[in-house]
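A closer look at the structure
So the chains spell out like this:
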Amino acid sequence: MADVRVICAIGRSGQLGLDGGMPWEGRPERVYTEDVERFFEITRGHVVIAGPRTIASFPDFAHRDRTLVEIRSSDDPEEVLSRFPGRVVYVGGGPAVWDVYARFVRHWDINTLPYDGEADTWFDPAWLLAAGTRSRPPG
């Protein structure tokens with residue numbers, strides 16, 4: 001089985017998204033650009049699975065040094081993850097994807113940013129509790 005992880009950033013109050021993007025997207029302050037740089041550094045050499053919009057948002061350079069895999073809601077998570085035995089797989093794409101894959105996630109890397117503004121999507125702590133709850137065959 002793959003080593004399944006999530007790396008994400010949230011605002012001070014758990015803000016995660018606004019109008020389909022990150023609420024702080026495009027802010028020039030160093031703390032925000034460092035977070036993006038950190039994401040690309042940590043995922044380098046690994047697999048990133050996400051929905052079509054997230055995969056399409058990756059810059060060209062990101063396609064060269066990580067394996068980007070577009071997933072769909074109709075995909076079976078166990079089948080998707082079984083394609084990457086022994087690999088580190090980062091689950092991207094936010095709440096819709098994390099709702100499905102949270103039970104497989106072994107590590108959550110959450111960076112809290114100094115953003116404390118508007119949002120329409122929030123981090124759900126239940127995702128952290130879902131880890132390791134996937135059903136296992138008896139025996």
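Quick look at the structure, then. (Residues numbered from 1 in each chain as written. Predicted model: local features only at pLDDT ≥ 70, side-chain atom pairs only at ≥ 80, totals over all residues. Heavy atoms only, no water.)

Observations concerning the sheet that holds strand β3 (residues 47-50)
Defined as follows: Between any two strands, at least two bridges found by DSSP are needed for them to pair. Under the scheme used here, helices are H or I runs from DSSP no shorter than 4 residues and strands are E runs no shorter than 2 residues, and both carry numbers assigned from the N terminus. Fitting a line to C-alpha atoms yields each axis, with helices limited to the stretch in contact; the angle taken between N-to-C directions then spans 0 to 180 degrees. It only takes one pair of heavy atoms within 4.5 Å for two residues to be counted as in contact.
Pairing is parallel across the open sheet formed by five strands, whose spatial order is β4-β3-β5-β1-β6. At either margin of the open sheet sits one strand with a lone partner, and together these are β4 (67-70) and β6 (107-112). Taking each pair of neighbouring strands and ignoring which way they run, the sheet shows an average axis angle of 25°. Pairing of β3 with β4 involves four bridges; the strand directions are parallel. By the bridge assignment, Val48 is partnered in β4 with Leu68. Against the sheet, helix α1 (residues 30-43) touches β1 (3-10), β3, β5 (88-91) and β6, its axis set at about 175° to β1.

Here we look at the nonpolar core
We apply this condition: The nonpolar core is taken to be a set of buried Ala, Val, Leu, Ile, Met, Phe, Trp, Tyr and Cys residues, with the residues joined through side-chain atoms within 4.5 Å. Relative accessibility thresholds used throughout: buried, under 20% of the residue-type maximum; exposed, over 50%; partly exposed, between the two (1.4 Å probe, protein chains only).
The biggest cluster of nonpolar side chains holds 25 residues, and the ones touching the most others in it are Ile49, Val91, Trp98, Tyr101 and Trp108. Excluding its chain neighbours within four sequence positions, the residues that come into contact with Trp108 are Val6, Trp98, Ala102, Phe123, Trp127 and Leu128.

Comments concerning unusual backbone geometry
In this structure, Asp19 takes a positive phi of about 55° despite not being glycine. Here Asp19 falls in the exposed class, since its relative accessible area comes to 70%.

Here we look at the pattern of salt bridges
As a reminder, the rule being used: Within this document, salt bridges are pairs made up of a side-chain nitrogen of Lys or Arg and a carboxyl oxygen of Asp or Glu, the two lying within 4 Å of each other.
Counted according to the given criterion, the structure contains ten salt bridges. Note that Asp3 is salt-bridged to Arg5, the shortest N-O span being 2.7 Å. Looking at Asp3, the relative accessible area reads 17%, which means it is buried. When the shortest N-O distance is used, the salt bridge between Glu29 and Arg27 registers 2.9 Å.

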